[in-house]
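Residues per chain, in single letters:
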Amino acid sequence: MLSPDLRDDAQSPHRLETHSDADAREPSLFEHARTPTWLRYGVPLVLAFNFALFVWANVAMGATVNLTLETPTGEVIEPDPLFEFTFANTVRDMWLAEEYVLSIMCAVFSGGWPYVKITLLGLAWFLPPQHGMWPRLRRTVLIVLDALGKWSLVDAYVLLLCMVAFRVHFELTFTGDRGEDLVSTCDIFTKPQIGSYLFIGATIISLVMGHVVLGADRNATRTLHLEPPDPTWDEQSPKESIASHMFCHPEGGGRRLRFSSRGKVAVAALMIAATALVIAGVLVEGYEFDIQGLTGLFLGDDAMTKYSVVSTGEDIPHASGNSDDVKVMLLQIGFFVFVLGSLLALATLMLFLWLGPLAA
C-alpha cells in the first residue's frame, strides 16, 4: 500500500533530537508559564472533586429492583425493594454467577481504575522533569490514560443492561365471586439511584479532565519537538490529505513513501466497511435474556427476550418504571451517545482526515 518515491532529495533523514537539557529545565504543568492561572489551580480542584465524587458513587446505592402490584380495585401496592445494587455486590454477584471476566472488568475499570487515573493526572500536573516526569513520559502517560479512561463506563453499561433485562410485566387473571374476570398486574423494574448518576457524571468529568491536561501538556511542550517535524513542510505548503501525503522513509537516505492508488482506496473502503458493520451491529439482535423459575413460568413465551443495542437503548425509559423521568432520559441519551454516536463520529472524522485536504 505504501510505495516508495525515489526522487533525488538532498535532505538528510530527520532524526528526533533528545533535548535532554531543555527537558530538564522545563517546569511542571502547574508551574509552566503557558498555563493560565485559572487552569493552574482549577485542574487540581476539579481532580480532587472528581476523586470524591467517585468515592461517593461507589459507596452509594446504585440501583434498586422494585415491584409494584395493582389490584383489581386499582389499588397500587409498592413493597420495599426486592434487591439493591451497589458496586460491591455487583462485582460479588457476577463472580458467584461465574461471569469472571465481567466481574473483573467492573472491579478494575469501575472500582480501581478511576482513582488510578485521577492520581496519575495529578502527578502529571504537579511533577517536573527533575522528579522523573519527563515531557515525553508525561505525554505517553496522558495519551494512555485518555485511551483507557473510556473503560470506566463498563459498570454503567452493565446497569443499563440490567435495567432492561429485569423489566418484567405480567397479569394474573382470576374469577370473582360473581363470575367476572378480575385482573391484577405485576411490574418488576430496576430503578437507578443516586450512585448511578454520580458515577456516570464522575466518569464524564474524568474523561474531560484527561483531555484538558493533555491539551495543557501539548500547549506547554509545543517547542520541545516531542515528535519529529516534517523537513519538507513550510508555511507555503498546499493543503493535502493524509492519503496523498509524502512520508519520510524511516531509514532516511532522502527517500519518501506515499500510498499507492490501491492503498488509498483500500483504506477508505475499510473505513466505510467498518462504519457499515457498526450500523449493522447495533441493529441486529446481539444477546438474549432468559428468565427462569416461577417468574419465567408466569411469563411463558415472554420469558426469553432478544435485544439489539438500539432496542436496549429504546427500552431504558420504560424499563425504569418511570418513562417521564428526566434523569432516565439523560441516561438514554448518554447510552446512545457513547455506544453509537461516538463510533459513528469517529468513523466519519477518520474518513475526513484521510481524504480531506488539510494543512500540515
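Taking an unreviewed UniProt entry as the reference, the chain is identified by name as Paraquat-inducible protein A belonging to Phaeomonas parva.

All told, the structure shown has 8 aromatic pairs when counted by the stated rule. Between Phe 54 and Phe 199, the aromatic rings sit 5.6 Å apart at their centres with planes inclined by 75 degrees, giving edge-to-face as the arrangement. Residue Phe 54 is found in helix α2 (residues 37-59), and its partner Phe 199 is found in helix α7 (residues 194-220); the two are separated by 145 residues along the sequence. Phe 199 shares its class with Phe 54; the two are buried. By the ring-pair criterion, three or more aromatic residues cluster together here, those being Phe 51, Phe 54, Tyr 115 and Phe 199.

A word on the UniProt feature "transmembrane region" (unreviewed entry) in the chain. According to UniProt, the positions carrying the feature "transmembrane region" (unreviewed entry) are residues 38-57, 100-127, 148-170, 194-214, 265-284 and 333-355. Secondary structure within residues 194-214 divides into 100% helix and 0% strand; the distance between the first and last C-alpha atoms comes to 30 Å. Overall, residues 333-355 shows 100% helix and 0% strand. The separation of its end C-alpha atoms is 31 Å.

Attention now moves to the nonpolar core. Counting residues in each nonpolar core, the largest one holds 26 residues, and the members touching the most others are Val 43, Leu 47, Phe 54, Leu 121, Trp 125, Leu 142 and Val 213. Listing elements by their share of this core, those giving two or more residues are α2, α4 (100-126), α5 (135-148) and α7. Looking at this core element by element, the count peaks at 8 residues for α7. Once residues within four sequence positions are removed from consideration, Leu 121 is found in contact with Leu 47, Leu 142, Leu 145, Met 209, Gly 210 and Val 213. With 21 residues, the next largest nonpolar core counts Leu 67, Phe 85, Val 168 and Ile 188 among its residues.

Moving on to the pairing of strand β6 (residues 181-192). Bridging between strand β2 (residues 63-70) and β6 involves 8 bridges; their strand directions are antiparallel. What sits directly across from Glu 70, in β6, is Thr 185. For strand β5 (residues 168-175) and β6, the ladder comprises 8 bridges, and the chain directions are antiparallel. What sits directly across from Leu 172, in β6, is Ser 184.

Right, let's talk about the packing of α2 against α7 for a bit. Where α2 contacts α7, the axes come no closer than 9 Å and their chain directions differ by 155 degrees. On the basis of the axis angle, α2 is roughly antiparallel to α7. Note on packing geometry: the crossing formed by α2 with α7 is left-handed. On α7, the residues that touch Leu 39, Val 43, Val 46, Leu 47, Phe 49, Asn 50, Leu 53, Phe 54, Trp 56, Ala 57 and Asn 58 of α2 are Ile 194, Gly 195, Leu 198, Phe 199, Ala 202, Thr 203, Ile 205, Ser 206, Met 209, Val 212, Val 213 and Ala 216. Taken together, the residues that form the contact of α2 with α7 break down as 18 nonpolar, 5 polar and no charged.

Turning our attention to the packing of α5 against α7. One way to put it is that α5 packs onto α7 with a least axis distance of 10 Å and a crossing angle of 155 degrees. With respect to α7, the element α5 is oriented roughly antiparallel. For the pair α5 and α7, the crossing hand works out as left-handed. Touching Arg 138, Arg 139, Leu 142, Ile 143 and Asp 146 of α5 are His 211, Val 213, Leu 214, Asp 217 and Arg 218, all from α7. Looking at the contact of α5 with α7 residue by residue, the class counts come to 4 nonpolar, 1 polar and 5 charged.

What counts and how
Residues numbered from 1 in each chain as written. Predicted model: local features only at pLDDT ≥ 70, side-chain atom pairs only at ≥ 80, totals over all residues. Heavy atoms only, no water. Phe/Tyr/Trp six-rings, centres within 6.5 Å; stacked < 30°, edge-to-face > 60°. Helix = DSSP H or I, 4+ residues; strand = E, 2+ residues; numbered from the N terminus. Buried < 20%, exposed > 50% of the residue type's maximum accessible area, 1.4 Å probe, protein only. UniProt positions renumbered as here; feature names shortened; annotations may be inferred. Core = buried A, V, L, I, M, F, W, Y, C linked by side-chain atoms within 4.5 Å. Contact = heavy atoms within 4.5 Å. Pairing = 2+ DSSP bridges. Axes fitted to C-alpha atoms, helices over the stretch in contact; angles between N-to-C directions. Parallel < 35°, antiparallel > 145°, perpendicular 65-115°, else oblique. Left-handed = near helix turned anticlockwise from the far one by under 90°. Nonpolar A, V, L, I, M, F, W, Y, C, P; charged D, E, K, R; others polar.

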